[in-house]
Amino acid sequence: GVDGTSGASLPRKDSDSRTTLSISLWFNAAATQLYRYNALVYRANQTAVSPDINWSDRTVALFWMTDPGLHVVYTVAGGTAQTICLNGPLPSGPVLTPGTWYHLAVTIDAPANVADVYLNGALVASCAVGGPALHTGFVATTLAETVNTQLSDVGNFTGQIDNVRFYNRVLMAAEVARLYRLQE
């Protein structure tokens, strides 16, 4: 598990112009979190090696919220706008409870202008994304930690994260449901 003081950084990679992405993971939040927004996955553009990146450099971020709920945010190229797909309790579906394992999947299809959020194999939110994500420099990805230290209510996740997968394509709803059933 992760204790809220550290997480994992994936190797930085040269960014590309992909405009599709899917992220799938299992998480189990601890009852006590250190922040309101607790990063599960945080992907951001870096044009230079830097310990901090502001929100306009973020491409996509998935957070567990202490409400409890989920915060899923996407930022278009140049940081001109951000789309918040979820911000708090789910509009439909289960009430999220700390100490319970959940499967979360997010698919982003910028050419089609849509992001979908799935919980336990079911679609719980869909939103317009407004364009391709920022994709110059390097892409920095962290699990259970944020690279943004500018906001006092944003920080590292406390709990467990498992079976994290990144895809450079949009997963279909049936594929997301299959990923959920495989590990259920």
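Just above, that's the structure.
Every chain is numbered on its own, with residues counted from 1 as its sequence reads. Local features in this predicted model are restricted to residues of pLDDT 70 or higher, and side-chain atom pairs are both shown and tallied only at a pLDDT of 80 or more, whereas totals for entire chains, interfaces and linings draw on every residue. Based on all heavy atoms of the structure, the side-chain values leave hydrogens and waters out of the count.

A. Just the overall build of the protein chain, in detail. Within the protein chain one finds one helix and 13 strands. Along the protein chain, helices and strands appear, N-terminal first, in the series β-β-β-β-β-β-β-β-β-β-β-β-β-α. Partly exposed describes any residue whose relative accessible area lies between the buried limit of under 20% and the exposed limit of over 50%, with all areas from a 1.4 Å probe on protein chains only and scaled to the type maximum. Among the 184 residues that make up the protein chain, the fraction classed as buried is 50%. It only takes one pair of heavy atoms within 4.5 Å for two residues to be counted as in contact. Pairs at least 24 apart in sequence give 69% of the contacts found in the protein chain among residues at least 6 apart. Areas reported here follow the Shrake-Rupley algorithm with a probe of radius 1.4 Å; residue values treat only the protein chains shown as occluding. Accessible area for the protein chain stands at about 8200 Å²; split by element, carbon and sulfur atoms hold 52% of it. Secondary structure is summarised from DSSP: a helix means a run of H or I of at least four residues, a strand means a run of E of at least two, and numbering begins at the N terminus for each.

B. Molecular detail of unusual backbone geometry. A positive phi angle, near 50°, is found at Asn 120, a position not held by glycine. Within the fold, Asn 120 resides in the loop between strand 9 (114–119) and strand 10 (122–127). For Asn 120, a relative accessible area of 23% corresponds to the partly exposed category. Of note in this structure, Asn 163 is not a glycine but carries a positive phi near 50°.

C. Geometry of the nonpolar core. Take the buried Ala, Val, Leu, Ile, Met, Phe, Trp, Tyr and Cys residues and link them wherever side-chain atoms come within 4.5 Å; each set so joined is a nonpolar core. Membership of the largest hydrophobic core comes to 31 residues, with the highest contact counts inside it found for Phe 27, Leu 62, Leu 70, Leu 86, Leu 104, Ile 108 and Val 117. Put simply, the parts of the chain that give this core at least two residues each are strand 3 (20–29), strand 4 (37–46), strand 5 (58–65), strand 6 (69–75), strand 7 (82–88), strand 8 (101–109), strand 9 and strand 10. Of the residues forming this core, the biggest block, five residues, is contributed by strand 3. Dropping the residues within four chain positions of it, Leu 86 is found in contact with Leu 70, His 71, Val 72, Pro 91, Val 117, Val 124 and Ala 125.

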